[in-house]
Structures are given as structure tokens and as C-alpha cells.
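Notes for the structure review
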Amino acid sequence: MNCMNNPVARRLMWRLTITMVLYVAFLVLAVEIFVHYRPTGPLAWLLAVLPALPVIGQLAVFGLYLAEEKDEFMRNLQIQAMLWGIGATLAVTTAWGFLENFAQVPHLDLYLVYPLFWFFVGISTPLLKARYK
Amino acid sequence: MKNRLKVLRAERDWSQADLAQRLEVSRQSVNAIETGKYDPSLPLAFKLARLFETTIEAIFSDENG
Amino acid sequence: MECQTNNPAARRFTVRFIVAMAFYAVFSILSTVGLLLWHPNGVLTWLLAILPALPISGAVALIGRYMHEEKDEFQRDVLVQALLGGIGATLVVTTVWGFLEDYAHFRRLDLLMTWPLYIILVGISYGLVKARYR
């Protein structure tokens, strides 16, 4: 992940960039159409799902990276970081869920679960790396 | 798992980074294997053995064995 | 992970996981009742809300501990793949649902559902991964 002369990591960066660009484009497109045309029914559903597609693509890109990464130790480390990430994310969503239901805390938009997960993965990665130093 | 990677590297005057490059893995990976914190898979163990022109058993030793 | 197992690591995991879930149930009730009846302010609110999240963190840590203790590396590998599948599927569902909620006035998904959702999706993914090696 950290050395860009690794072709698999370089491919990952490229693919992630493409999904990010698509995400922004789809989001702007969906919001524009909602604001100007106020679609309803199945069309509204389809438009709402549009920005989620690059996110799904991004997860697939990451899955591909895990499958392609030749450095098994690094893959292992990345997987451990993801497991820590999901653990922290679920702890936060559960605590927030109770606060939301019973203590009038503002609603956490569900699509924020995804960036929250990567935030925690990002924190765990250097901590795990330090363990093998 | 105990291993003789450090000795084998020294014999050839390779740094961890040199070995990492030959194995096509990162330096951290070599370090984790060398310090016994990570057990390599069979394919990687064979790659190591081929690189040092020896057998897997000559590099790694099972502590319980 | 099988119903009848003579694998000690798996058996320990199952017992511990059930204990963690029992704590989750008790803490959930405690938290719900506490927040609804007493309407506590400030720190107590946060403490009550965090209470049920503790057994969940514990349960996730138990999965990690089981992976560490499981001597059968193939079984461990199957579990890791299932967990990754579960993570991916959970994130897909929450992201899609999140956008539907905001833009298409979809029914709101309670945040508390993320944990059972994850466990169910890991379960499905576990079955699929297992089937691949049959």
C-alpha cells in the first residue's frame, strides 16, 4: 500500500480515483435532477441509488486489490485493519442508534457508515503496522 | 516460527530491502517473517527456498517438532 | 462454527459469543428503559447509550480472538473471507439505503440494525464461501 512502485497498489489508486470521480459526478447529477424535475416512484429510486453505485464499485475495487496483492503479509495486515474498522464502526452505530432513538441526537445518515468505516480502517492500519516493527 | 533468514541474508550480504525486492514483497513483510511474527504461506516459503537454493526445512524449523 | 464440534477454539467462541449477546440484550433493555424513563442529561445519557455498544465491541473482539486461537488455518481462512464478504455487503446495504432514505423518502433504517445486519450477512457469506470449497 505504501510503495507506489508496487503495480497492484498503483492499479488500486487509479481505480479508486475513477470511482471517486464517478461518485461526485453521479451525486451532482442526481441532486440536480431531484432539484429541477422532482421525480417520484421508481425513477426517484433509481436516481437515489445512482451515487451508491460507485461506492459499490469502490468496494469491488478493494476486493480486487485484496485478491491481486502478491504481498501476503500486507494483505493480511490490510484485512486485520478492516476487521478493526468494522468493529469500531458497529460500536459507534449501535451507541449512536440508542442516542438517536432515546436522546434526540441528530440522525446519522446511513451513507456515512461507509466513510466512518474507512476512517477507522485508516486509524487501525498504522497501529497494526507498529505492532510488527 | 524459528528461521535462519537473518543468517542466510548475511551470507549473501543482502539487506531486508534487498530480500524484499527479490521476493516481490515489502520490507515490512520480510521483517515480520524474519522476527517470527508472521508465518509465510507455502508458495512464499518455496519462493524463499528457491531464492536461497536450499530447502524449506533448512530455513524454517518447527519449534514443536 | 458447526453445530456439533469437537474443536475447542470453536466451542469456546460459541459460548463466549452467546454470553456477549446475552449481555447485549440485558444492556439494551437497561439502556432503553433508562433513557425513556429517567430522561437523564449529559454524561449519563452518553454512558447509557454506550452501554449496549460494549458487548458488541466485545463480540467483534471475540471473533478476532477466535481467529487467533483457531489452529485450523483453512477454517480461519474461510471465516476471514466470510467476514470480508459481510463487511462489503453491510456497507453496500447501508449506503444504498442511506441514499434511498434521503432522496426517495424510503423507510428509515434504525442504526441499531447495522449489527444484526452484519451478522446475518456474514452468516450468508459464510455459507457461500463454504459451498465454494465443497
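How each quantity is defined
- Residues numbered from 1 in each chain as written.
- Chains lettered and ligands numbered in written order.
- Predicted model: local features only at pLDDT ≥ 70, side-chain atom pairs only at ≥ 80, totals over all residues.
- Contact = placed C-beta atoms within 7 Å.
- Helix = DSSP H or I, 4+ residues; strand = E, 2+ residues; numbered from the N terminus.
- Nonpolar A, V, L, I, M, F, W, Y, C, P; charged D, E, K, R; others polar.
- Axes fitted to C-alpha atoms, helices over the stretch in contact; angles between N-to-C directions.
- Parallel < 35°, antiparallel > 145°, perpendicular 65-115°, else oblique.
- Left-handed = near helix turned anticlockwise from the far one by under 90°.
- Buried ≥ 20, exposed ≤ 12 C-beta atoms within 10 Å, placed from the backbone.

1. So, the interface of chain A and chain C
- Facing 37 residues of chain A, the contacting portion of chain C comprises 39 residues.
- Mapped by element, the contributors of at least two residues to the side of chain A that touches chain C are helix H1 (7-37), helix H2 (41-49), helix H3 (52-68), helix H4 (72-102) and helix H5 (113-131) of chain A.
- Ranked by residue count, the leading element in the side of chain A that touches chain C is H4(A), at 16 residues.
- A class-by-class count of the residues in the side of chain A that touches chain C yields 30 nonpolar, 5 polar and 2 charged.

2. Thoughts on the packing of H4(A) against helix H3 (residues 53-69) of chain C
- The N-to-C vectors of H4(A) and H3(C) enclose an angle of 165°; their axes lie 8 Å apart at closest approach. As summarised for this structure, H4(A) and H3(C) are arranged roughly antiparallel, according to the angle between their axes. For the pair H4(A) and H3(C), the crossing hand works out as right-handed. Touching Leu83(A), Gly87(A), Leu90(A), Ala91(A), Thr94(A) and Ala95(A) of H4(A) are Ala53(C), Ile56(C), Ser57(C), Val60(C), Ala61(C) and Gly64(C), all from H3(C).
- Its residues placed into classes, the contact of H4(A) with H3(C) shows 8 nonpolar, 4 polar and no charged.

3. Re the interface of chain B and chain A
- With 11 residues of chain B at the contact, the number on the chain A side is 8 residues.
- If you tally residues by element for the side of chain B that touches chain A, the top one is helix H3 (residues 27-34) of chain B, at 4 residues.
- Looking at the side of chain B that touches chain A residue by residue, the class counts come to 4 nonpolar, 5 polar and 2 charged.

4. As for unusual backbone geometry
- We note that Glu24(B) has phi near 60°; this positive angle belongs to a residue other than glycine.
- Using a count of 14 C-beta atoms within 10 Å as the deciding quantity, one classes Glu24(B) as partly exposed.
- One non-glycine residue, His105(C), adopts positive backbone phi at about 50°.
- In this fold, His105(C) is placed in the loop between helix H4 (73-103) and helix H5 (114-132).

On their own, these measurements won't tell you what the molecule is for.
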